[in-house]
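Each chain, letter by letter, is given below.
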Amino acid sequence: MTIDIEPLKKQLGRKLEDEDVVTEAPLKAMVATFDRQDKVPKPGEPIAPGWHLCFLHSYARRAQLGQDGAAAEGGVLPRIPMPRRMYAGSTFTFDGDIRVGDKLRRELEFTDIQLRQGSTGSLIVTTQTRRIFTPRGLALTEAANTVFREEVKAGQKSGVPVRDAAPRDVSWRRTIKPDPVMLFRYSAITFNPHRIHYDRTYCVETEGYPGLVVHGPFAQQCIFDLLRDSMPGREIKALAVRARAPLFDTAPFEVIGRPTSDGKGAELWTVTPQGTIAAQATATLA
């Protein structure tokens, strides 16, 4: 498959702005979905790391959605000449907190696009940079990466990369048992219409996966939660997550981690049922 991304590069720098207000209802839904013991923050109180994804959604109209259910146009990304997409990771920098009642303003910018060759074929990797402001100023910058892939031929399975074994010498370990209800709830909270997370027939027969795909941000939230539970009282200043392989609802997965030797940060991973790395993360703490 021959792909020319030079015309797509000309659209780098495209920007959109939108606004939202931080309300309690979706935060209650996050607590319920992840079966947390958290007290839902009240007006004026900060929300937990990662919970910003409850707000500032993409509200693409039905006509703007692709076959996979996700928006094919209407945002800052140009139309990508590959039909399948998946979370590839995010890098977060926290400059302030986000509180219940805050009026949020987000700047969304198309900041990078690359053509790569992976073990499963040609890939296009895009980056959207999100800057979220509260009345107190810049609160969060997120560089979110999405990988676009070639279609799966009828009757074939999607290639699922298997790479390095996860480390065993870790201080923290948690098992997550994803199921269709959890994934559906998370899709609803984040207004994510991507069919690979809730439409099993589409996911298996069209995209060639063995089961429903766990959202990258869902697993990312599990990393945030393990980190803040394991190092209470420490403030997360930065977190970089790189996805290595997908997770599915067909079996439990693990989230593991350990503090860095200097005490200033942490290393964390999500782990496939086969014991290999699904995603790896590094955090900087205050």
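First, a word on what this report is: a plain description of the structure on this page. Source: prediction; values computed, not measured. (Residues numbered from 1 in each chain as written. Predicted model: local features only at pLDDT ≥ 70, side-chain atom pairs only at ≥ 80, totals over all residues. Heavy atoms only, no water.)

**Here's the deal with helix α2 (residues 25–33)**
Step number 1: Residues of α2 that are buried: Pro26, Leu27, Met30, Val31 and Thr33.
Step number 2: Along its buried surface, α2 packs onto α3 (180–189) and α5 (216–230).
Step number 3: Phi for Asp35, located one or two positions after α2, is positive at around 55°. (Buried < 20%, exposed > 50% of the residue type's maximum accessible area, 1.4 Å probe, protein only. Helix = DSSP H or I, 4+ residues; strand = E, 2+ residues; numbered from the N terminus. Contact = heavy atoms within 4.5 Å.)

**Regarding unusual backbone geometry**
Step number 1: Positive phi is not limited to glycine here, since Leu56 has a value of about 55°.
Step number 2: Mapping Leu56 onto the fold places it in the loop between α2 and β2 (84–94).
Step number 3: In this structure, Phe191 takes a positive phi of about 50° despite not being glycine.
Step number 4: Relative to the elements of secondary structure, Phe191 occurs in the loop between α3 and α4 (200–205).
Step number 5: Taking relative accessible area as the criterion, Phe191 reaches 43% and is therefore assigned partly exposed.

**Digging into the environment of Ala165**
Step number 1: Examined against the element boundaries, Ala165 turns out to sit in the loop between β5 (137–149) and β6 (172–176).
Step number 2: Counting along the chain gives 113 residues from Ala165 to Ala278, while the straight-line C-alpha distance between them is 9.6 Å.
Step number 3: Residue contacts for Ala165: discarding those within four places in its chain leaves Gly275, Thr276 and Ile277.

**Some points on the packing of α2 against α3**
Step number 1: Two elements in contact, α2 and α3, have axes whose closest approach is 10 Å; the angle formed by their N-to-C orientations is 165°. Judged on the interaxial angle alone, α3 and α2 are roughly antiparallel. Note that α2 runs across α3; the crossing there is left-handed. Where α2 abuts α3, its residues Pro26, Ala29, Met30, Ala32 and Thr33 lie against Met182, Arg185, Tyr186 and Ile189.
Step number 2: Considering only residue class, the contact of α2 with α3 consists of seven nonpolar, one polar and one charged. (Axes fitted to C-alpha atoms, helices over the stretch in contact; angles between N-to-C directions. Parallel < 35°, antiparallel > 145°, perpendicular 65-115°, else oblique. Left-handed = near helix turned anticlockwise from the far one by under 90°. Nonpolar A, V, L, I, M, F, W, Y, C, P; charged D, E, K, R; others polar.)

This is a description of form; function is not addressed.
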